[in-house]
Amino acid sequence: MGDLPRVRVTPPSRSFQHCGVDYAGPVRVRTSPGRGIASRKAYIALFICMASKAIHLELVSDYSTEAFISAFARFCARRGLPETMYSDNGTNFVGADREMSKAYRAAIRDPNFLNSTTSDGIAWHFIPPSAPHFGGLWEAGVRSVKIHLSRVLGDRTLTFEELYTLICRIEACLNSRPLAPLSDSLDDYECLTPGHFLIGSAINVNPEPSLLDLNENRLSRWQLVRQTTERFWRL
């Protein structure tokens, strides 16, 4: 077995300084709740930190370069600008690299932004074609999201807003998975999670009563999202 890449074993200064990206899906979404509303395909963009294995999920409306660039802009607005990106050779990622390189070259020619943008270039690395094992880190994340999401959703079709809320809750679940114990004490049950690298502690949400024992026909739309999140956590 070959050595791990340097970005996997070198502690970065922050999370998502070096990250990989891949798509999961498609999933069916509707524009609004109610009967007779047509559904369409949407995708989930998964960003994963190469060092801490923290995950960031974005809901993408279609499989185009423009939609991915918008998702990437939302990711950078909340997680910071990465130094290096890793992905497969999908056409949307290749196109995004071309568009961002063009925008970057245009920006650094502007004297007003020259000093502030010269260090903001993103090095995009593509794994070899037909070699998904090179991207095993994000492939494992995609599997965790896609398989469990299909189990808990079933044949339900959520709206874009409901599904976006659901994947944010799923992101919190995945960033709460244990990585290692924090101490050698047998009485200490707290473990190190990817959330510790993001906010400095475990990711905790406000406590809510369980909805697992209630029938779906008694739930509102938002209670259904909460119940689906609970099922995902149990898996």
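What counts, and at which threshold
- Residues numbered from 1 in each chain as written.
- Predicted model: local features only at pLDDT ≥ 70, side-chain atom pairs only at ≥ 80, totals over all residues.
- Heavy atoms only, no water.
- Helix = DSSP H or I, 4+ residues; strand = E, 2+ residues; numbered from the N terminus.
- Rg over C-alpha atoms; globule rule 2.2 N^0.38 Å.
- Buried < 20%, exposed > 50% of the residue type's maximum accessible area, 1.4 Å probe, protein only.
- Pairing = 2+ DSSP bridges.
- Disulfide = S-S within 2.5 Å.
- Lys, Arg positive; Asp, Glu negative; His and termini not counted.
- Salt bridge = Lys/Arg side-chain N within 4 Å of Asp/Glu carboxyl O.
- Polar contact = N/O pair within 3.5 Å; in protein donor to acceptor, adjacent residues only side chain to side chain.
- Axes fitted to C-alpha atoms, helices over the stretch in contact; angles between N-to-C directions.
- Parallel < 35°, antiparallel > 145°, perpendicular 65-115°, else oblique.
- Left-handed = near helix turned anticlockwise from the far one by under 90°.
- Contact = heavy atoms within 4.5 Å.
- Nonpolar A, V, L, I, M, F, W, Y, C, P; charged D, E, K, R; others polar.

### A word on the overall build of the chain
Logical step 1: Regarding its fold elements, the chain presents eight helices and eight strands.
Logical step 2: Its C-alpha radius of gyration of 20 Å places the chain within 12% of the 18 Å reference for a compact globule of 235 residues.
Logical step 3: Each of the three principal axes of the chain carries a C-alpha extent, and together these read 60 × 55 × 40 Å.
Logical step 4: Within the span of the chain, comprising 235 residues, buried residues form 38% of the whole.

### Considerations on the pairing of strand β2 (residues 39–49)
Logical step 1: When you tally the buried positions in β2, you get eight out of eleven residues, the bulk of the element.
Logical step 2: Bridge count for strand β1 (residues 18–30) against β2 is ten bridges, and the pairing is antiparallel. Paired with Ala24 across the bridge in β2 is Ile44.
Logical step 3: Pairing between β2 and strand β3 (residues 55–60): six bridges, direction antiparallel. In the strand pairing of β3, Phe47 is matched with His56.
Logical step 4: Count of turn residues in the β2/β3 antiparallel hairpin: five residues, of which Lys53 carries a positive phi of about 65 degrees.

### Some thoughts on the state of the cysteines
Logical step 1: For the coordinates displayed, the defined rule picks out zero disulfides.
Logical step 2: No disulfide involves Cys49; its sulfur sits 7.4 Å from that of Cys19, the nearest cysteine.
Logical step 3: This cysteine, Cys76, is not joined by any disulfide, and Cys19 carries the nearest cysteine sulfur, 7.8 Å off.

### A few points about the side chain of Arg30
Logical step 1: The topology assignment puts Arg30 in strand β1.
Logical step 2: Within the buried set, Arg30 has no salt-bridge partner at all; the shortest N-O distance to an opposite charge, 6.1 Å, is to Glu162.
Logical step 3: A polar contact of 3.3 Å, which involves the side chain of Arg30, links it to the backbone oxygen of Thr157.

### Points about the pattern of salt bridges
Logical step 1: Here the structure, examined in full by the defined rule, presents three salt bridges.
Logical step 2: One salt bridge in this structure joins Glu58 and Arg78, with 2.0 Å as the shortest N-O distance. Linking Glu58 in strand β3 with Arg78 in helix α2 (residues 65–79), this pair joins segments that are 20 residues apart in sequence.
Logical step 3: With a shortest N-O distance of 2.9 Å, Arg79 and Glu171 are connected by a salt bridge. Here Glu171 lies in helix α6 (residues 160–174) and Arg79 lies in helix α2, a separation of 92 residues in the sequence.
Logical step 4: Residue Glu171 is classed as buried on the basis of its relative accessible area, which comes to 11%.

### Focus on the packing of helix α5 (residues 136–153) against α6
Logical step 1: With their axes 12 Å apart at the nearest point, α5 and α6 run at an angle of 125 degrees to one another. Here α5 lies oblique to α6, going by the angle between them. Considering the relative orientation of α5 and α6, their crossing is right-handed. Here Ser144, Val145, Leu149 and Leu153 of α5 come into contact with α6, specifically with Leu163, Leu166, Ile170 and Leu174.
Logical step 2: Residue composition of the contact of α5 with α6, grouped by class: seven nonpolar, one polar and no charged.

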